[in-house]
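In case you want the letters, here they are:
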Amino acid sequence: MNLINIEEANNKNETDEDICIGLDFGTTNSVCAVKIGKKTIYLEDKNGKKLIPSIVLYDGEKKIIGNDAVKEKKFLKSIFSIKRYFNKNPEKKVFLDGQNINISAIDIAKEIFTYLKYSSENFLKKELNNCVLTVPAYFDERARTGIMKAAFMSGLNVKRLINEPTSAAFAYGLEKNKRGNYFVYDLGGGTFDVSLLKLSDGIFKVIGTSGDPNLGGDDFDDLFANKLLNNFFNLSMSKLAEEEKLSLIKKCKFLKERLSKEDEFFEEIKVKGLVKKIKINRTFFNEAIENLLDRTIEISDNLLKESELPVENIDGFILVGGSTRIKLVEEKILKRFDVKIFNDIDPDLVVSHGAALHGYELMNGAKNLLLDVTPLSLGIETMGGLMEKIISRNTTIPIVKEQTFTTHENGQTAIKITILQGERETSKNNRTLGKFILSGIEPKSAGIPRIKVVFALDVDGILFVSAVDESTGEEKHVVVKTDDGLNIKDMRDIVESSIKNAKDDMQKRMLIESKIKAKGFLNEIDAVKKDIDTLCSKKDIEKINKFIKMLKDELEKFDADKINDLIEKLNESTKSFAQMRIDEKFSSIVGEKTDLLEK
Amino acid sequence: MNSKENCWNCKSIVKSKGFFCDHCGVIQKPSYLDEFEIFGLKKEFLIDLNVLEDKYLELQSKLHPDKFVNSSQNEKDFSNEHSSRINESYKLLKNNVSRANIILKSNGYDLEKESKTFGDEKMLEDIMDLQSKCMLAENEISKKKIGNEIKEVIDETINELNLLFKKKSWKEAYNLNVKLSYLEKMKNNIS
Ligand SMILES: Nc1ncnc2c1ncn2[C@@H]1O[C@H](COP(=O)(O)OP(=O)(O)O)[C@@H](O)[C@H]1O
Ligand SMILES: [Mg+2]
Ligand SMILES: [Zn+2]
């Protein structure tokens, strides 16, 4: 006789599609959590660990990730702290995989996301497609886009990007019922974030945010190692071979963490064959890192001043991130601000916890409103290399701003706009997010055309730019984005449709990857279509157009092999054109006179 | 602008300035509303900032993109547009200078377009006077003192400005608002 399992049927009121995990991709560790029904749980890997080191060890064809990599003999050959590279250029292929192929930070992060998805699915015995992904509050637009792209490529549909300190505050607000003004101090492995929030019933509003995207536990390890080497071996770091340097730094990380429990202890340290038994104490360590901690206090103080909220009105400091376990952190905060300190939700886990709560809300109807801000001002380059602000930092997102531009030469038909992010006066001291050219302006006297440019920052902090010539009405949606010119909206569409239409995980990822590649390639070709039409032979143009059409059709379907095959064919058919372009040494893709805009 | 429109979703007639369709409850494409209209406020210089904040949070609670994560693309786009406009308008209305500017703009005076010069000599002198006091303030105590002085002048200016708005003296109000913008800047720099 077959027994019907009633319990299972009852549990099925939540379908797999409704589940949305909270994913905290950290510099040192990553954590996933999920709220199902009324319970929030942390997802463990097969070793039973919640904290999953964000490291990838490439060994030939194998990729060993997380706690498995820590156990390996070749551990020190792993790629560590990949998140730090998102602040530089996440697309740049500066790493090598196990087969000596050049890969980018995005490629490496993608492997970590794929692993996290896989091990979370194993733990829950459920398919997981959706996530709320957290990012440091002080990350710029490019870093955000890069992280989101890596997650998309792993087959995860990123429902929302939220800031790490906001996520932590959300957890405190909902789980610990905190109400009032709270200051989140988040010191992790690679980044430092502070956020000031007003928590009230059903509303979590960020008042302001600040930080340093390059300050964290990794830096303390370096400073500690430096000081040890200096004081006890009379050597500088540059005198050590790469491997020995790394191993000393990893040792110092371990010693640092031990110092948060013990005041002092003896430790044998071996450098260049010389073994010394050294007394490690907290004062020695504190001296090494004190300057950086003072910096975190200054950043906190400045944010408080800027928000015009007296310290007496702050109900507490919420400590987030593993590095807040350093005793000196609390001491410094208390000394400067004299406030209540909260750290009763595990500082390693609280970010993913908040993200899981938010993920649940997104899928089940958000009851709590989360209002966040953009951490950095956004602007454009004006004549003379200055930055003109369009959206100032700490503006609540989403936000749209319009600005009208004109030409400064008679008959000018194109305008180049460089988009910047940062707080400095001159454009070269700020981050360039992208450049775009608005062409096809009707030739008129200088100052006559009116070009309306719309800058939109969405709730994920991702920028979309569009421009209209108000006299001709020509619109060109330009998204300030990755080098392959693929925007987040396109990517999300690809991921959503692939999730729906693929049979299994493997197929899903292949489909996503080939579609992203195809779409990016088509966009690239689109940008130079004019040149193709003037430079190539009629026969070539016909062939190229045929493949473009076929590839576009194939993008509507779900066959990764066919898409890859067409990318190859299209690539082949445009080869002669690419060569011609190099020969001609094109100075600009539009081939028209472009000028810096003038307001 | 006041003509009736059809709901994009159920095609029934909707009030042109509503956020949702009365009939099917679906979010509507944003129609143009000025900053005061969005929050249902009268176009007056002095407003109750608490009412503004309550209204702001009420609107965001209904229209924020987090409420539309699993909705159609149309609904997502509309929510994003509404939410962005509400954020921007809230920011402008919260600040005295930009709020005054909205009213002035709708009466033909635009702070960004006009040159920011002072209408009269006396005003310029007042500002220069305060400015030099700011420069001389060295320690926390004297900074605090001058800061308080500026705050007082700001309060006076706001009262004066309010009267001018009531009398619809746009030109004078415009000049005084320029003064106010300088005062606010000074206040921010000193603290
Ligand atoms: N007990 C401890 N004392 C000092 N530092 C610690 C301790 N535990 C963890 N850390 C440090 O915290 C950092 C990791 O914190 P985490 O919040 O996981 O960062 P991230 O989110 O950037 O990965 C590492 O630099 C680690 O060495
Ligand atoms: Mg973290
Ligand atoms: Zn309707």
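Residues numbered from 1 in each chain as written. Chains lettered and ligands numbered in written order. Predicted model: local features only at pLDDT ≥ 70, side-chain atom pairs only at ≥ 80, totals over all residues. Heavy atoms only, no water.

1. Some remarks on the overall build of chain A
Part 1 of the reasoning: In terms of helices and strands, chain A carries 16 helices and 27 strands.
Part 2 of the reasoning: Across its three principal directions, the C-alpha atoms of chain A cover 80 × 75 × 60 Å.
Part 3 of the reasoning: Looking at the 599 residues of chain A, the share that counts as buried comes to 57%.
Part 4 of the reasoning: Long-range pairs, those at least 24 residues apart, make up 66% of the contacts in chain A between residues at least 6 apart in sequence.
Part 5 of the reasoning: Of the accessible surface of chain A, which amounts to about 26,900 Å², a share of 48% is contributed by carbon and sulfur atoms.
Part 6 of the reasoning: Of the side chains in chain A, 94 bear a positive and 97 a negative charge, and the two mean positions are spaced by 2 Å. (Helix = DSSP H or I, 4+ residues; strand = E, 2+ residues; numbered from the N terminus. Buried < 20%, exposed > 50% of the residue type's maximum accessible area, 1.4 Å probe, protein only. Contact = heavy atoms within 4.5 Å. Areas by Shrake-Rupley, 256 points an atom, 1.4 Å probe, with all protein chains shown as cover. Lys, Arg positive; Asp, Glu negative; His and termini not counted. Charge placed at Lys NZ, Arg CZ, Asp CG, Glu CD.)

2. What about helix α5 (residues 121–136) of chain B?
Residue and element names in this part refer to chain B.
Part 1 of the reasoning: The first and last C-alpha atoms of α5 sit 23 Å apart over 16 residues, in line with the 22 Å expected at 1.5 Å per residue.
Part 2 of the reasoning: The complete set of buried residues in α5 reads Met123, Ile127, Leu130 and Cys134. Looking straight down α5, one finds its buried side chains confined to an arc of 65°; they lie on one side. Exposed and oriented more than 90 degrees from the buried face of α5 are Glu121, Lys122, Glu125, Met128, Met135 and Leu136.
Part 3 of the reasoning: At its buried positions, α5 is contacted by α6 (140–166) and α7 (170–190). (Expected span 1.5 Å × (residues − 1). Arc of directions from axis to C-beta.)

3. Observations concerning the packing of helix α2 (residues 49–63) of chain B against helix α3 (residues 73–94) of chain B
The angle between the axes and the distance between the axes are what describe a pair of packed helices.
Residue and element names in this part refer to chain B.
Part 1 of the reasoning: Remark: α2 packs on α3, axes separated minimally by 10 Å, with the N-to-C direction vectors making an angle of 170°. With respect to their mutual orientation, α2 and α3 come out roughly antiparallel. Residue-level inspection shows Leu49, Leu52, Glu53, Tyr56, Leu59, Gln60 and Leu63 of α2 in contact with α3, the latter providing Ser79, His82, Ser83, Ile86, Asn87, Tyr90, Leu93 and Lys94.
Part 2 of the reasoning: Class assignment of the residues belonging to the contact of α2 with α3 gives a composition of eight nonpolar, five polar and two charged. (Axes fitted to C-alpha atoms, helices over the stretch in contact; angles between N-to-C directions. Parallel < 35°, antiparallel > 145°, perpendicular 65-115°, else oblique. Nonpolar A, V, L, I, M, F, W, Y, C, P; charged D, E, K, R; others polar.)

4. Quick notes on the coordination of the zinc ion (ligand 3)
Residue and element names in this part refer to chain B.
Part 1 of the reasoning: Taken together, the protein donors to the zinc ion (ligand 3) comprise Cys7 (SG), Cys10 (SG), Cys21 (SG) and Cys24 (SG), at separations of 2.3 to 2.4 Å.
Part 2 of the reasoning: Around the zinc ion (ligand 3) sit four donor atoms, and with donor-metal-donor angles ranging over 108 to 111° the site reads as tetrahedral.
Part 3 of the reasoning: Spacing between the donor residues of the zinc ion (ligand 3) along the chain follows C-x2-C-x10-C-x2-C.
Part 4 of the reasoning: A residue is classified by how much of its surface remains accessible, and Cys7, at 1% relative accessible area, is buried. (Donors = N, O, S within 2.8 Å, 3.2 Å for Na, K, Ca; no water. Tetrahedral: all angles 85-135°; square planar, octahedral: opposite > 155°, others 65-115°.)

5. Here's the deal with the environment of Gln412 of chain A
All names here are of chain A.
Part 1 of the reasoning: Along the chain, Gln412 falls in the loop between β21 (399–405) and β22 (415–421).
Part 2 of the reasoning: Each C-alpha atom, one on Gln412 and one on Gly447, is 9.8 Å from the other, the two residues being 35 residues apart in sequence.
Part 3 of the reasoning: One polar contact links the side chain of Gln412 to the main-chain amide nitrogen of His408, over a distance of 3.1 Å.
Part 4 of the reasoning: A polar atom in the side chain of Gln412 sits 3.2 Å from the backbone nitrogen of Glu409. (Polar contact = N/O pair within 3.5 Å; in protein donor to acceptor, adjacent residues only side chain to side chain.)

6. Some points on the site of ligand 1
Residues and elements named next belong to chain A.
Part 1 of the reasoning: Close to ligand 1 lie 17 residues, the nearest being Thr28, Gly189, Lys256, Glu257 and Ser260.
Part 2 of the reasoning: Within the side chain of Lys256, one N or O atom sits 2.7 Å away from an oxygen atom of ligand 1.
Part 3 of the reasoning: Notes on ligand 1: free accessible area 570 Å², of which the protein chains cover 92%.
Part 4 of the reasoning: Considering each element in turn, the shell around ligand 1 owes the most residues, three residues, to helix α7 (residues 242–259).
Part 5 of the reasoning: Partitioned by chemical class, the residues of the shell around ligand 1 number one nonpolar, twelve polar and four charged.
Part 6 of the reasoning: Two domains each put at least three residues into the shell around ligand 1: domain 1 (1–171) and domain 2 (217–288). (Near = heavy atom within 4 Å. Domains from an automatic or database assignment.)

7. So, the pattern of salt bridges
Residue and element names in this part refer to chain A.
Part 1 of the reasoning: On inspection of all chains with the given rule, the structure shows 54 salt bridges over all chains.
Part 2 of the reasoning: One salt bridge in this structure joins Asp505 and Lys117, with 2.9 Å as the shortest N-O distance. A residue pair is termed long-range when its members are at least 10 positions apart, and Asp505 in helix α12 (residues 505–527) and Lys117 in helix α3 (residues 105–124) qualify at 388 residues.
Part 3 of the reasoning: Of the residues examined, Lys117 reaches a relative accessible area of 3% and is grouped as buried.
Part 4 of the reasoning: What emerges from the salt-bridge pattern is a single network uniting Lys117, Glu121, Glu127, Asp505, Lys508 and Arg509. (Salt bridge = Lys/Arg side-chain N within 4 Å of Asp/Glu carboxyl O.)

8. Remarks on helix α11 (residues 488–501) of chain A
All names here are of chain A.
Part 1 of the reasoning: For α11, with 14 residues, the first-to-last C-alpha span of 20 Å sits near the 20 Å given by 1.5 Å per residue.
Part 2 of the reasoning: All of the buried residues in α11 are Ile488, Asp490, Met491, Arg492, Ile494, Val495, Ser498 and Ile499.
Part 3 of the reasoning: The inward-facing, buried residues of α11 contact α4 (141–153), β10 (157–163) and α12.
Part 4 of the reasoning: The distance from a side-chain oxygen at the start of α11 to the backbone nitrogen of Lys489 is 2.8 Å, and the residue carrying that oxygen is Asn487.

9. Notes on the side chain of Thr296 of chain A
Part 1 of the reasoning: Position of Thr296 of chain A relative to the elements: it lies in helix α8 (residues 282–306).
Part 2 of the reasoning: Excluding its chain neighbours within four sequence positions, the residues that come into contact with Thr296 of chain A are Tyr185, Leu187, Phe192 and Leu215 of chain A.

10. Side note on the state of the cysteines
Part 1 of the reasoning: On inspection of all chains with the given rule, the structure shows zero disulfides over all chains.
Part 2 of the reasoning: Left unpaired, Cys20 of chain A is separated from the closest cysteine sulfur, that of Cys131 of chain A, by 6.4 Å. (Disulfide = S-S within 2.5 Å.)

11. Structural notes on the sheet that holds strand β17 (residues 341–342) of chain A
Working definition: the strands of a sheet are paired by backbone hydrogen bonds and lie parallel or antiparallel to each other.
Part 1 of the reasoning: If you walk across this open sheet you meet the six strands as β17-β16-β11-β12-β13-β18 (chain A), and the pairing is mixed. Two strands bound the open sheet, and with one partner strand each, they are β17 and β18 (369–371) of chain A.
Part 2 of the reasoning: Set on the sheet, α2 of chain B makes contact with β12 (192–200), β13 (203–212) and β18 of chain A; between it and β18 of chain A the angle comes to about 110°. (Pairing = 2+ DSSP bridges.)

12. Describing the packing of α5 of chain B against α7 of chain B
Residues and elements named next belong to chain B.
Part 1 of the reasoning: In contact at an axis separation of 11 Å, α5 and α7 are set at 0° when each is read in the N-to-C sense. One element, α5, and the other, α7, form an angle in the roughly parallel class. Together, Met123, Asp126, Ile127, Leu130, Gln131 and Cys134 of α5 and Asn175, Leu176, Lys179, Tyr182, Leu183, Met186 and Ile190 of α7 make up the contact between the two elements.
Part 2 of the reasoning: Each residue belonging to the contact of α5 with α7 can be placed in one class, and the counts come to nine nonpolar, two polar and two charged.

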